[in-house]
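Tertiary structure, described
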Amino acid sequence: KSESAQRSSQYRDANLAPLYKLTVNLILTYKFINQVYYANKKKRQAAMAQNAYSKKERKETFNDGFDDENFDYIVKCGEVFNERFV
């Protein structure tokens, strides 16, 4: 190969250079970044929703069912405290 052919194969396309993307193609770059971000966000939300759904399925009981997952007492209508109704 000639020396000029070797040099041209060593350099990347100017349209793929970061400086070009951040100046001339700025709008396209941000659109691509947004697409990737929102696709990942959708995946995270789906995973969190699945995780929350599975937590509801396996409803753990604390203090024989009197406490919730934060160990707060579950107040029920009609209970009597200190001879008073709640």
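What comes next concerns the included structure. (Residues numbered from 1 in each chain as written. Predicted model: local features only at pLDDT ≥ 70, side-chain atom pairs only at ≥ 80, totals over all residues. Heavy atoms only, no water.)

Regarding the side chain of Asp67
Within the secondary structure, Asp67 is located in the loop between helix H3 (26-57) and strand S1 (80-81). There is no salt bridge for the buried Asp67, and the closest opposite charge comes from Lys76, which lies 9.5 Å off by N-O distance. Not counting the four nearest positions on each side in its chain, Asp67 is found in contact with Phe62, Asp72, Tyr73 and Ile74. (Helix = DSSP H or I, 4+ residues; strand = E, 2+ residues; numbered from the N terminus. Buried < 20%, exposed > 50% of the residue type's maximum accessible area, 1.4 Å probe, protein only. Lys, Arg positive; Asp, Glu negative; His and termini not counted. Salt bridge = Lys/Arg side-chain N within 4 Å of Asp/Glu carboxyl O. Contact = heavy atoms within 4.5 Å.)

Thoughts on the environment of Thr23
Along the polypeptide, Thr23 turns up in the loop between helix H2 (18-21) and H3. For Thr23, a relative accessible area of 48% translates into the label partly exposed. A distance of 2.8 Å separates a polar side-chain atom of Thr23 from the backbone oxygen of Leu19. (Polar contact = N/O pair within 3.5 Å; in protein donor to acceptor, adjacent residues only side chain to side chain.)

Thoughts on the packing of aromatic side chains
Any aromatic ring pair is given by two values, namely how distant the centres are and how the planes are angled relative to each other. Enumeration according to the criterion identifies three aromatic pairs in this entry. Ring centres of Tyr37 and Tyr38 lie 5.0 Å apart, and the angle between their planes is 80°; this geometry places the pair in the edge-to-face category. Taking relative accessible area as the criterion, Tyr37 reaches 42% and is therefore assigned partly exposed. When the ring of Phe66 is compared with that of Tyr73, the centres are 6.4 Å apart and the planes differ by 10°; the resulting orientation is stacked. What links up through ring pairs into an aromatic cluster is the set Phe66, Tyr73 and Phe81. (Phe/Tyr/Trp six-rings, centres within 6.5 Å; stacked < 30°, edge-to-face > 60°.)

As for unusual backbone geometry
Here Phe71, not a glycine, exhibits a phi torsion of approximately 60°, which is positive. Within the secondary structure, Phe71 is located in the loop between H3 and S1. When its relative accessible area of 56% is taken as the criterion, Phe71 is described as exposed. The phi angle at Asn82 is positive, at roughly 50°, despite the residue not being glycine. In this structure Asn82 comes out as exposed when scored by relative accessible area, which is 71%.

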